[in-house]
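Report on the structure
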Amino acid sequence: MLAVGLSVGLTWSPSPAHARAAPAHPVETPTGDRAAMETMQIPSHGALMNALVYVAAGAGPHPAVILLHGFPGNERNLDLAQDVRRAGWDVLYFNYRGSWGTPGDFSFAHGIEDTAAALAYLRRPDAAKKLRLDPARIVLIGHSMGGFMTVQAVAADPAIKAFATISAADMAWHARQLVRKDGETAGIKAMAIGLADEGIAPLSGCTPDGLARELVDHASRWTFPSKVDILKNRTALIVTSDDGLAEENQAFATDLRKAGDTHVTTVHLPTDHAYSDQRIELSRTVLKWLAELPR
């Protein structure tokens, strides 16, 4: 039947009426306003971070998302970034100093500084103009350790009104709990083993022991509970999965609500830490939340 159909299609001659009918064409976005990808290196404390921005179609200015990867960053969530871009948002993705080819040494303190540097970059008038974005409407979204970076950055920047975490890892809280349970030496060793198991090959200038010690030394200032009072007036989306981090993230959401935050949304998806079989639902969750944010 396929061959017959092709044969008919090849021998059919249109009537004059059909010949005069022009096919409908979609309205094209002007070349200068098309969706695009821009690559750049963002300065941060003497280093240049490898970065890219998915630029949304249209003249803008578009709201923007900074998408923060985890430890060490194997799951980049760039499918989510593409979906967010299609919804009309610019999306910045970058690699912290000392990660995935960006020069410098990786550390948690550097990651916090690097996130602030990414925010500063998007607020530069030249960058905002080139990327067609609105620097007053930036949202942070972080996965795993990226959620940790999100909480630190938003707490330090009152201009950020909304943030989302996806299976956020409160790494300083975990380190402190291990120290309280096993003592400092054993607790740091246990945390270091856990970090090493995650794989640090893509990270440079660091060791598992050094990173674990850093978390313990900064625990009083970096844990999520210590940020609740600062974040209680922000809009938050907290997404969890079946990866063992749901309970602490739900506790964070509960603490925010108890502190008076009436704009906390929680969603649980039955999947692993990488959301391997819930990618579409994860995207739907994030897009729905973004769409409901004040313009």
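A brief structural summary. (Residues numbered from 1 in each chain as written. Predicted model: local features only at pLDDT ≥ 70, side-chain atom pairs only at ≥ 80, totals over all residues. Heavy atoms only, no water.)

**Overview of the pattern of salt bridges**
The condition is simple: Here, a salt bridge means any side-chain nitrogen of Lys or Arg that lies within 4 Å of a carboxyl oxygen of Asp or Glu. Each helix corresponds to a stretch of at least 4 residues labelled H or I by DSSP, and each strand to a stretch of at least 2 residues labelled E; elements are numbered beginning at the N terminus. Burial status follows relative accessibility: with a 1.4 Å probe on protein chains alone, a residue under 20% of its type maximum counts as buried, one over 50% as exposed, and anything between as partly exposed.
Scanning the model with the defined rule gives 14 salt bridges in all. Two residues, E113 and R97, come together in a salt bridge whose shortest N-O distance is 2.6 Å. Highlighted residues: E113 in helix α4 (residues 108–123) and R97 in the loop between β4 (90–94) and α4, separated in sequence by 16 residues. Among the residues examined, R97 registers a relative accessible area of 5% and is labelled buried. Among the ionic contacts, a cluster of salt bridges with common partners joins E75, D79 and R279.

**Side note on the side chain of E248**
Defined as follows: Charge convention: Lys and Arg are scored as positive, Asp and Glu as negative, and His as well as the terminal groups of each chain are ignored. Contacts: residue pairs with any heavy atoms within 4.5 Å of one another.
Looking at the secondary structure, you find E248 in helix α12 (residues 246–258). Look at E248: it is buried, it has no salt bridge, and the nearest opposite charge is R176 at 11 Å. The contact partners of E248, leaving out residues within four places of it in the chain, are A168, A169, D170, W173 and H174.

**Quick look at the environment of A169**
By the element assignment, A169 lies in the loop between β6 (162–166) and α7 (171–182). Taking relative accessible area as the criterion, A169 reaches 11% and is therefore assigned buried. Between the C-alpha atoms of A169 and M149, which are 20 residues apart in sequence, the distance is 9.3 Å. For A169, the residues in contact, after removing those within four places along its chain, are S144, M145, F148, F224, L245 and E248.

**Here's the deal with the packing of aromatic side chains**
The condition that has to hold: Centres within 6.5 Å are what make two rings of Phe, Tyr or Trp a pair, Trp counting through its six-membered ring; a difference in plane orientation under 30 degrees is then read as stacked, over 60 as edge-to-face, and the rest as tilted. Geometrically, a charge over a ring is one whose NZ (Lys) or CZ (Arg) sits within 6 Å of the ring centre while staying within 35 degrees of the ring normal.
What the rule picks out here adds up to eight aromatic pairs. Between F108 and F148 the ring centres are 6.3 Å apart and the planes differ by 75 degrees, which places this aromatic pair in the edge-to-face class. Linking F108 in helix α4 with F148 in helix α6 (residues 145–156), this pair joins segments that are 40 residues apart in sequence. One exposure class covers both F108 and F148, and it is buried. Site record: aromatic cluster; members linked through ring pairs are F71, F94, Y96, F106, F108, F148 and W222. Over the aromatic face of W100 sits the side chain of R76, whose NZ or CZ is 4.1 Å from the ring centroid.

**Quick notes on the packing of α7 against helix α8 (residues 184–198)**
Where we set the bar: Working convention: axes come from line fits to C-alpha atoms, limited for helices to the stretch in contact. Angles between N-to-C directions cover 0 to 180 degrees. Oblique is the label for any angle not under 35 degrees, not over 145, and not in the 65 to 115 range, which are roughly parallel, roughly antiparallel and roughly perpendicular in turn. A clockwise turn of the near helix away from the far one marks a right-handed crossing, whereas an anticlockwise turn of less than a right angle marks a left-handed crossing. Residue classes follow a fixed rule: Ala, Val, Leu, Ile, Met, Phe, Trp, Tyr, Cys and Pro count as nonpolar, while Asp, Glu, Lys and Arg count as charged, and any other residue, Gly among them, counts as polar.
Viewed as axis vectors pointing N to C, α7 and α8 meet at an angle of 140 degrees, and their least axial separation amounts to 7 Å. As far as their axial angle goes, α8 and α7 are oblique. Of the two elements, α7 crosses α8, and the hand of that crossing is right-handed. Contact residues: M171, H174, A175, L178, V179 and D182 in α7; E184, A186, G187, I188, A190, M191 and L195 in α8. Looking at side-chain class alone, the contact of α7 with α8 contains nine nonpolar, two polar and two charged residues.

**Re the sheet that holds strand β3 (residues 62–68)**
Filter applied, for reference: The criterion for strand pairing is that DSSP finds at least two bridges linking the strands in question.
With respect to topology, eight strands assemble into an open sheet ordered β1-β2-β4-β3-β5-β6-β7-β8, the strand pairing being mixed. Each edge of the sheet is formed by a strand with only one pairing partner; in this case those strands are β1 (36–44) and β8 (264–268). Neighbour-to-neighbour, the strand axes of the sheet open up by a mean angle of 20 degrees, direction not taken into account. Taken together, the five bridges between β6 and strand β7 (residues 235–240) define a ladder with parallel strand orientation. Each bridged residue has a counterpart across the sheet, and for T165 the counterpart in β7 is I238.

**Examining the packing of α8 against helix α9 (residues 208–217)**
It is at 8 Å that the axes of α8 and α9 come closest, and there the two elements cross at 120 degrees. For the element pair α8 / α9, the angle class is oblique. At the point where α8 passes α9, the crossing takes the right-handed sense. Only P208, D209, L211, A212, R213, L215 and V216 of α9 make contact with α8, whose side of the interface consists of E184, I188, M191, A192, L195 and A196. Grouping the constituent residues of the contact of α8 with α9 by class yields 10 nonpolar, no polar and three charged.

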